[in-house]
Amino acid sequence: MTRLPARILPLLWLLAVSAFAAELPPMVTSYADKPVQHFNRELDEARRQQASWSESPEQISRHYAGNQFTLIRTVQHQNETLAYLSKSSLEDHQQVLLILTLKQQGNHWALKRAQVSWQCKRGQHFSTDPCH
């Protein structure tokens, strides 16, 4: 297998993310739920302290996911927002997909659900199957 120069990998990652964002939503065949209660307590405290990241679904999503994830898109449906975030591992070429469901409660947002899935091969399919 031919190894690509290290400076090319970030460019390939950006191209992959751009393609992901431009295409249809990913096909998630299985996912793992992540806990959200502790984060919602942190979010409530941040809101009381008027932290800027606690005001919008996009900023809340970025805060929950951390700086290793890239926000790909958000989709609004009634009083809920789905946020799709992605992270790629350059070592094993695995892509991780984080799907957050945020629910609006009055003027505030709460994280209703966090789901994680990954992709071991090219394509749109994400699952919790082990990568080989």
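That block above? That's the structure.
Conventions we followed
Residues numbered from 1 in each chain as written. Predicted model: local features only at pLDDT ≥ 70, side-chain atom pairs only at ≥ 80, totals over all residues. Heavy atoms only, no water. Helix = DSSP H or I, 4+ residues; strand = E, 2+ residues; numbered from the N terminus. Buried < 20%, exposed > 50% of the residue type's maximum accessible area, 1.4 Å probe, protein only. Pairing = 2+ DSSP bridges. Axes fitted to C-alpha atoms, helices over the stretch in contact; angles between N-to-C directions. Parallel < 35°, antiparallel > 145°, perpendicular 65-115°, else oblique. Left-handed = near helix turned anticlockwise from the far one by under 90°. Contact = heavy atoms within 4.5 Å. Phe/Tyr/Trp six-rings, centres within 6.5 Å; stacked < 30°, edge-to-face > 60°. Lys NZ or Arg CZ within 6 Å of the ring centre and 35° of its normal. Salt bridge = Lys/Arg side-chain N within 4 Å of Asp/Glu carboxyl O.

**Student:** Quick rundown of the environment of Ser88? Include the residues and the values.
**Tutor:** Assignment of secondary structure puts Ser88 in strand 4 (residues 80–89). A residue is classified by how much of its surface remains accessible, and Ser88, at 26% relative accessible area, is partly exposed. Sequence spacing of Ser88 and Gln119 is 31 residues, and the spatial spacing of their C-alpha atoms is 9.4 Å.

**Student:** Run through the pairing of strand 6 (residues 108–119), naming residues and quoting values.
**Tutor:** When strand 2 (residues 32–34) meets strand 6, the two strands line up antiparallel, connected through three bridges. What sits directly across from Asp33, in strand 6, is Gln115. Relative to strand 6, strand 5 (residues 94–105) runs antiparallel, the two being bridged by 11 bridges. Bridging from a neighbouring strand, Thr101 pairs with Arg113 of strand 6. Once strand 5 ends, the chain turns through two residues before running back antiparallel as strand 6, passing Gly106 with a positive phi of about 70°.

**Student:** So what's going on with the packing of helix 2 (residues 37–48) against helix 3 (residues 57–65)? Which residues, and what values?
**Tutor:** A pair of packed helices can be characterised by two numbers: the angle between their axes and the separation between those axes. Across the interface, helix 2 lies against helix 3 with an axial gap of 12 Å and an inter-helix angle of 125°. Overall, the two elements helix 2 and helix 3 adopt an arrangement that is oblique. Relative to helix 3, the crossing made by helix 2 is right-handed. Where helix 2 approaches helix 3, its residues Phe39, Glu42 and Leu43 are matched on the opposing element by Ile60, His63 and Tyr64.

**Student:** Got a sec to walk through the packing of aromatic side chains? Specific residues and values, please.
**Tutor:** Evaluated as defined, the whole model comprises two aromatic pairs. Their ring planes at 45° and their centres at 5.9 Å tell us that Phe39 and Trp53 sit as a pair that is tilted. Taken as a pair, Phe39 in helix 2 and Trp53 in the loop between helix 2 and helix 3 lie far apart in primary sequence, 14 residues in all. Of the two residues, Phe39 and Trp53, both sit in the buried class. Ring geometry for Phe39 versus Tyr64: centroids 5.0 Å apart, planes at 90°, classification edge-to-face. With Phe39 in helix 2 and Tyr64 in helix 3, this pair connects stretches of sequence that are 25 residues apart. Comparing Phe39 with Tyr64 shows no difference in burial state: the two are buried. Above the face of the Tyr84 ring, Arg73 is positioned so that its terminal group lies 5.7 Å from the ring centre.

**Student:** Report on the pattern of salt bridges, specifying residues and quantitative values.
**Tutor:** Pairs may arise between side chains of opposite charge once their charged atoms sit close together. On inspection of all chains with the given rule, the structure shows four salt bridges. A salt bridge links Arg47 to Asp44; the nearest nitrogen and oxygen atoms lie 2.4 Å apart. Here the residue Arg47 and the residue Asp44 both occupy positions in helix 2, the gap between them amounting to three residues, near one helical turn. For Arg47, a relative accessible area of 18% corresponds to the buried category. The class of Asp44 is partly exposed, set by a relative accessible area of 33%.

Taken by themselves, the reported measurements are silent on function.
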